[in-house]
There are 2 protein chains.
Amino acid sequence: MQKISNVKEVPQDLRNIIIDIIQLRADFELAMVEQFSPWLVNAPTAEDRLFVAKLVSDELNHGWQLLRLLEDFGAINIVNQIQNLRLGIHKLEVSNLPLFNWEDVIVFTFIIDNAGLYQLRILKNCSFEPLSNLASNLIKEEEYHITFSKNELKNYNNKNRVQGALNFWLPRAVEMLYQFKTLNETQLKDLNISELVKNDFIDNFIKTINNEIKELGYSEIDPYKNLYYNIALK
Amino acid sequence: MQKISNVKEVPQDLRNIIIDIIQLRADFELAMVEQFSPWLVNAPTAEDRLFVAKLVSDELNHGWQLLRLLEDFGAINIVNQIQNLRLGIHKLEVSNLPLFNWEDVIVFTFIIDNAGLYQLRILKNCSFEPLSNLASNLIKEEEYHITFSKNELKNYNNKNRVQGALNFWLPRAVEMLYQFKTLNETQLKDLNISELVKNDFIDNFIKTINNEIKELGYSEIDPYKNLYYNIALK
């Protein structure tokens with residue numbers, strides 16, 4: 001696998017797909033800032049608000065670094081466009097949903113941020129090195145968020161409301177992973193990240209999360225049961 | 001001046017005034033999180049949003065530390081009450097105003113956060129050491145915020161809109177400083193922080209800020225011109 005060490009070395013035919021992947025991720029990160037920000041004020045305790053502040057600050061920093069990478073490609077219009085997206089016009093459907101309850105905040109972190117982490121672990125092997133380096137850095141912070149959310153879920157008072165949130169968000173994580181199937185698999189293979197669009201990868205994510213859900217004392221979920229509305233299953 | 005090194009050593013007659021000062025400050029810090037949070041998403045650039053994230057995270061952390069100090073006093077009800085305050089029911093009037101425009105965000109930092117910094121410099125000399133130590137830590141972070149805001153003001157495109165925000169916020173900073181005059185001056189003297197309620201202190205704040213306003217290329221402001229509505233001038 002030939003490494004691409006900087007933007008200038010990117011072959012013309014791979015340029016657009018790299019830009020697409022980066023902008024999908026940048027929008028996902030910045031949307032999380034929007035989705036979580038009401039909880040800086042409304043999370044149950046000051047400790048919980050501090051977690052939200054850490055998460056928001058991390059995701060904003062990730063978004064910022066991804067936008068800088070887009071600038072290296074000269075994609076200034078895309079940078080401006082991404083900064084102006086808001087709930088309802090974000091690229092991933094999961095980024096267009098508000099977090100109404102504290103259970104949504106915890107479960108979104110545990111499931112959706114986690115699905116994003118699974119994708120980062122693939123992007124870490126990308127032959128375009130600026131992106132693989134960035135993915136490595138992001139992984140550490142995302143792992144901390146997910147650990148926090150698991151501890152919250154373990155000791156949560158109202159298990160029934162958490163189960164509702166798990167039922168709601170797991171299908172949406174799967175939908176998010178399916179949205180990447182619009183990317184060209186041959187080009188992904190050239191970048192060493194074709195796993196992103198493999199059914200095995202998605203199946204493995206569902207299986208692992210469901211095991212963790214059971215270990216935390218909740219019921220496992222069939223994500224496809226509620227997932228017939230806007231996914232072209234491939 | 002006798003030092004009070006921990007909560008147990010606080011004389012009964014000074015207990016309530018210390019709790020009052022801490023809760024005023026904790027509410028001020030947490031209100032700032034509420035006032036600034038929309039700008040995590042809406043600040044003009046990703047860099048500006050990163051500044052907002054830093055400020056929000058700092059103020060939340062300050063609020064959290066102050067609430068821990070209230071817990072040391074056993075004031076759990078007050079801790080719960082402060083965490084539940086929102087725009088409209090905050091203790092300082094300046095904390096009840098939303099930040100509608102980006103100019104408000106910058107100028108609020110430069111003027112209101114700055115007025116809070118002036119107060120912290122007094123609290124640093126408080127004979128109740130847990131509060132004076134905390135004030136010392138807070139000062140460094142507040143100074144960074146204010147430096148950022150000054151740099152923004154220096155290079156701001158639309159000077160006219162900034163002047164409007166300066167006209168609006170300086171009287172409100174003075175109002176905030178006057179609100180502390182409800183505290184008992186004799187007890188403040190016992191704590192070595194009676195400067196908080198001295199006219200000289202407020203006059204000096206106005207003079208210094210007005211000099212900085214002129215140096216930054218804006219017109220100085222008579223804060224009393226718009227300040228007749230809810231201050232009992234002493």
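As a reminder, the structure under discussion sits directly above these lines.
I will try to describe carefully the structure that is included in this document. (Residues numbered from 1 in each chain as written. Chains lettered and ligands numbered in written order. Predicted model: local features only at pLDDT ≥ 70, side-chain atom pairs only at ≥ 80, totals over all residues. Heavy atoms only, no water.)

### Brief notes about the overall build of chain A
Operational definition: Helix and strand assignments come from DSSP, with helices taken as H or I runs of at least 4 residues and strands as E runs of at least 2, each series counted from the N terminus. This radius of gyration counts C-alpha atoms alone. The globule rule is 2.2 Å times how many residues there are, raised to the power 0.38.
Looking only at helices and strands, one finds nine helices and zero strands in chain A. Of the regular secondary structure in chain A, the N- to C-terminal order runs α-α-α-α-α-α-α-α-α. Over its C-alpha atoms chain A spans a radius of gyration of 18 Å, differing by no more than 12% from the 17 Å that the globule rule assigns to 234 residues. In terms of principal-axis extent, the alpha carbons of chain A reach across some 55 × 35 × 30 Å.

### Concerning the relation of the copies chain A and chain B
Operational definition: Least squares is the method used to superpose the copies, on C-alpha atoms of residues holding a pLDDT of at least 70 in both. Contacts were defined at the residue level, with two residues in contact if any of their heavy atoms lie within 4.5 Å.
The operation relating chain A to chain B is a screw motion whose rotation component is 180°, with 0.0 Å of axial translation and a residual RMSD of 0.0 Å. In short, the pair behaves as if placed about a two-fold rotation axis. Considering only C-alpha atoms, the residue of chain A closest to the rotation axis is Ser 37 of chain A, which sits at 3.1 Å. Most of the interface of chain A is mirrored in chain B: 100% of its interface residues are interface residues there too.

### Some details on the packing of aromatic side chains
Under the convention used in this document: Only the six-membered ring of Trp is used, alongside the rings of Phe and Tyr, when aromatic pairs are assigned; centres must lie within 6.5 Å, and planes under 30 degrees apart are stacked while those over 60 apart are edge-to-face, with the rest tilted. Relative accessibility under 20% of the residue-type maximum defines a buried residue, over 50% an exposed one, and the middle range a partly exposed one, all with a 1.4 Å probe and only protein chains included. Whether a charge sits over a ring depends on NZ of Lys or CZ of Arg being within 6 Å of the ring centre and within 35 degrees of the ring normal.
Counted under the stated rule, the structure contains 16 aromatic pairs over all chains. Summarising the aromatic geometry, the rings of Tyr 118 of chain A and Phe 205 of chain A are spaced 5.0 Å apart at their centres and angled 85° between planes, so their arrangement reads as edge-to-face. Remark: Phe 205 of chain A occurs in helix H9 (residues 199-215) and Tyr 118 of chain A occurs in helix H5 (residues 102-123); sequence separation between them is 87 residues. You'll find Tyr 118 of chain A and Phe 205 of chain A in the same group, each marked buried. A ring pair is formed by Phe 168 of chain B and Trp 169 of chain B, whose centres lie 4.9 Å apart and whose planes are at 80°; its orientation type is edge-to-face. The buried category is assigned to Trp 169 of chain B, whose relative accessible area is 0%. Among the aromatic residues, those joined into a ring-pair cluster are Phe 36, Phe 108, Phe 168 and Trp 169 of chain A. In this structure, Arg 172 of chain A packs its charged tip against the face of Phe 168 of chain A, placed 3.8 Å from the ring centre.

### Observations concerning the interface of chain A and chain B
Basically, it comes down to this: When two components associate, each loses some accessible surface as probed by a 1.4 Å sphere; the sum of these losses over both components is called the buried area. The working definition used for a salt bridge is a side-chain nitrogen of Lys or Arg within 4 Å of a carboxyl oxygen of Asp or Glu. In protein, a polar contact means a hydrogen-donor-capable atom and an acceptor-capable atom, both N or O and within 3.5 Å, with residues adjacent in sequence counting only if both atoms are side-chain atoms; elsewhere, any N or O pair within 3.5 Å suffices.
If you look at the interface, chain A gives 22 residues, while chain B gives 22 residues. For the pair chain A and chain B, the summed buried surface comes to about 1900 Å²; carbon and sulfur atoms form 65% of the total. When the buried area of chain A at its contact with chain B is split by residue, Val 41, Leu 50 and Leu 60 of chain A rank highest and sum to 25% of it. The tally of links between chain A and chain B comes to two salt bridges. As a salt-bridge pair, Arg 68 of chain B and Glu 47 of chain A come within 3.4 Å of each other at their nearest N and O atoms. In this structure, the connection of chain A to chain B is made through 12 residue pairs in polar contact (both at pLDDT 80 or more). For the side of chain A that touches chain B, the secondary-structure elements that each account for two or more residues are helix H1 (12-36), helix H2 (39-42) and helix H3 (46-72) of chain A. Of all the elements, H3 of chain A adds the most residues to the side of chain A that touches chain B, at 12 residues.

### A short note on the nonpolar core
Under the convention used in this document: What we call a nonpolar core is a set of buried Ala, Val, Leu, Ile, Met, Phe, Trp, Tyr and Cys residues that are connected through their side-chain atoms within 4.5 Å.
By size, the foremost hydrophobic cluster in this structure holds 181 residues, and its most contacted members are Phe 128 of chain A together with Ile 111 and Phe 128 of chain B. With sequence-adjacent residues up to four places away left out, Ile 111 of chain B is seen in contact with Leu 166, Trp 169, Leu 170, Ala 173, Phe 205, Ile 209 and Ile 213 of chain B.

### Side note on the packing of H5 of chain A against helix H7 (residues 159-179) of chain A
Residue and element names in this part refer to chain A. Selection rule: Here the axes come from fitting lines to C-alpha atoms, over the contacting stretch only for helices, and the angles between their N-to-C directions go from 0 to 180 degrees. Should an angle lie under 35 degrees it is considered roughly parallel, over 145 roughly antiparallel, and from 65 to 115 roughly perpendicular; all remaining angles are considered oblique. Put simply, a crossing is left-handed when the front helix is turned counterclockwise from the back one by less than a right angle, and right-handed when it is turned clockwise. The residue classification treats Ala, Val, Leu, Ile, Met, Phe, Trp, Tyr, Cys and Pro as nonpolar and Asp, Glu, Lys and Arg as charged. All others, Gly included, are polar.
Two elements in contact, H5 and H7, have axes whose closest approach is 9 Å; the angle formed by their N-to-C orientations is 25°. Judged on the interaxial angle alone, H7 and H5 are roughly parallel. Considering only the axes of H5 and H7, their crossing is right-handed. Contact residues: H5 offers Glu 103, Asp 104, Val 107, Phe 108, Phe 110, Ile 111, Ile 112, Ala 115, Gly 116 and Gln 119, while H7 offers Arg 161, Val 162, Ala 165, Leu 166, Trp 169, Leu 170, Arg 172, Ala 173, Met 176 and Leu 177. Its residues placed into classes, the contact of H5 with H7 shows 14 nonpolar, two polar and four charged.

### Looking at the environment of Arg 172 of chain B
Residue and element names in this part refer to chain B. In this structure, Arg 172 sits in helix H7 (residues 159-179). Among the residues examined, Arg 172 registers a relative accessible area of 15% and is labelled buried. Between the C-alpha atoms of Arg 172 and Leu 97, which are 75 residues apart in sequence, the distance is 9.9 Å.

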